[in-house]
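Take a look at the letters that make up each chain.
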Amino acid sequence: FYSIRELYRQLGVDMEPSWHLVFLILKQEGQVTMQELSNQLHLSKPAVTKMIKKMADLDYVLIGADKSDSRKKMVELSAKAHRMMPKFEKIWSAGQSGVQELLETNPHFMTALDDIEKQLEQMSFCDRAIQKLDK
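On a predicted model such as this, the values are computed, not experimentally measured, just so you know.

Asker: What exactly am I supposed to notice about the pattern of salt bridges here?
Answerer: Pairs can form between side chains of opposite charge once their charged atoms are near each other. All chains considered together, the criterion is met by 4 salt bridges. The salt bridge involving Asp 57 is made with Lys 53; its shortest N-O contact spans 2.8 Å. In this pair, Asp 57 and Lys 53 both sit in helix α4 (residues 45-57), 4 residues apart, roughly one turn of the helix.

So, in structure tokens, the structure goes:
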């Protein structure tokens, strides 16, 4: 995240790395509720609310009430976000190419990652750390 944040800073883009998926979801779906974003991002609703508030402060998203239920908050990309999207997508594409290059030069990475995921399914990171603390 630090390196991605530095990339955005050097390119003069006022954005956080964690916003990438929000932009992609809103671009694809148009308008979603805070709860839908929370579910899709696998984040708590307060965390999503905080993130969306920061994005709204920078005029990347618009927040409004749902027409059928005013308690629900709807989120959509702003005109500024739509204007900036080609620049964002160019940056994301370059980043993806950089990661792809890393993976191509490390052919066993995906196999190792699969092994790690299987091990974490058997015992979570948290449980492993607690086990080590108990020893």
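That covers the picture; the talk isn't over yet.
Asker: Sorry if this is basic, but what is going on with the layout of surface pockets here?
Answerer: Empty pockets left among the atoms are what a rolling probe the size of a water molecule brings to light. Reported here for the largest pocket is a volume of approximately 460 Å³. Lining of the largest pocket is provided by 19 residues; of these, Ile 4, Tyr 8, Pro 17, His 20 and Trp 92 occupy positions nearest its centre. Looking at the lining of the largest pocket, the elements with two or more residues in it are α1 (2-10), α2 (20-29) and α5 (79-104). Take the lining of the largest pocket: its biggest share by element is 7 residues, from α5. In terms of residue class, the lining of the largest pocket is built from 12 nonpolar, 6 polar and 1 charged.

Asker: Is there a simple way to explain the nonpolar core in this structure?
Answerer: In a soluble, globular protein the nonpolar side chains are often hidden away together inside. The biggest cluster of nonpolar side chains holds 25 residues, and the ones touching the most others in it are Met 15, Val 22, Phe 23, Leu 37, Ile 52, Met 55 and Phe 88. Those elements that provide at least two residues to this core are α2, α3 (34-41), α4, β3 (73-77) and α5. No other element matches α5, which puts 5 residues into this core. Excluding its chain neighbours within four sequence positions, the residues that come into contact with Met 15 are Tyr 8, Phe 23, Phe 88 and Trp 92.

Asker: Whenever I open this one, the packing of α3 against α4 confuses me. Can you help?
Answerer: The packing of two helices is summarised by the inter-axis angle and the distance between the axes. Remark: α3 packs on α4, axes separated minimally by 9 Å, with the N-to-C direction vectors making an angle of 110 degrees. The angle between α3 and α4 places the two elements in the roughly perpendicular class. Judged by the twist between their axes, the crossing of α3 over α4 is right-handed. Contacts between α3 and α4 involve Met 34, Gln 35, Leu 37, Ser 38 and Leu 41 from the first element and Lys 45, Val 48, Thr 49, Met 51 and Ile 52 from the second. Of the residues contributing to the contact of α3 with α4, the split by class is 6 nonpolar, 3 polar and 1 charged.

Asker: Would you explain a nonpolar patch on the surface in this entry?
Answerer: Judged by side-chain polarity, Val 99, Leu 103, Phe 109, Met 110, Leu 113, Ile 116, Leu 120 and Phe 125 come together as a nonpolar surface patch covering roughly 730 Å² of accessible area. Of all the elements in the fold, those that place two or more residues in the nonpolar patch are α5 and α6 (109-122). Take the nonpolar patch: its biggest share by element is 5 residues, from α6. Assignment of secondary structure puts Met 110 in helix α6.

Asker: Would you mind showing me how to read the packing of aromatic side chains here?
Answerer: Centre distance and the angle of the planes are the two values used to describe a pair of aromatic rings. In the structure shown here, the tally under the stated rule is 6 aromatic pairs. With centroids separated by 6.1 Å and ring planes inclined at 70 degrees, the aromatic side chains of Trp 19 and Tyr 60 adopt a geometry described as edge-to-face. Taken as a pair, Trp 19 in the loop between α1 and α2 and Tyr 60 in the loop between α4 and β2 (61-65) lie far apart in primary sequence, 41 residues in all. A relative accessible area of 4% places Trp 19 in the buried class. Ring geometry for Phe 23 against Trp 92: centres 6.1 Å apart, planes inclined by 50 degrees, an arrangement best described as tilted. One end of the pair, Phe 23, is in helix α2; the other, Trp 92, is in helix α5, and 69 residues separate them in sequence. In this structure, Phe 23 and Trp 92 share a single accessibility class: buried. Through a chain of ring-to-ring contacts, the aromatic side chains of Trp 19, Phe 23, Tyr 60, Phe 88 and Trp 92 assemble into a single cluster. Here Lys 80 stacks its cationic end above the ring of Tyr 60, 4.6 Å away from the centre of that ring.

The rules behind the values
- Residues numbered from 1 in each chain as written.
- Predicted model: local features only at pLDDT ≥ 70, side-chain atom pairs only at ≥ 80, totals over all residues.
- Heavy atoms only, no water.
- Salt bridge = Lys/Arg side-chain N within 4 Å of Asp/Glu carboxyl O.
- Helix = DSSP H or I, 4+ residues; strand = E, 2+ residues; numbered from the N terminus.
- 1 Å grid on protein atoms, 1.4 Å probe; cavity = no way out; pocket = protein on both sides within 12 Å on 5 of 7 lines; lining within 4 Å.
- Points joined across faces, edges and corners; volume = space filled by probe spheres on them.
- Nonpolar A, V, L, I, M, F, W, Y, C, P; charged D, E, K, R; others polar.
- Core = buried A, V, L, I, M, F, W, Y, C linked by side-chain atoms within 4.5 Å.
- Buried < 20%, exposed > 50% of the residue type's maximum accessible area, 1.4 Å probe, protein only.
- Contact = heavy atoms within 4.5 Å.
- Axes fitted to C-alpha atoms, helices over the stretch in contact; angles between N-to-C directions.
- Parallel < 35°, antiparallel > 145°, perpendicular 65-115°, else oblique.
- Left-handed = near helix turned anticlockwise from the far one by under 90°.
- Patch = residues over 30% accessible without salt bridge, like charges linked within 9 Å, V, L, I, M, F, W, Y side chains within 5 Å.
- Areas by Shrake-Rupley, 256 points an atom, 1.4 Å probe, with all protein chains shown as cover.
- Phe/Tyr/Trp six-rings, centres within 6.5 Å; stacked < 30°, edge-to-face > 60°.
- Lys NZ or Arg CZ within 6 Å of the ring centre and 35° of its normal.

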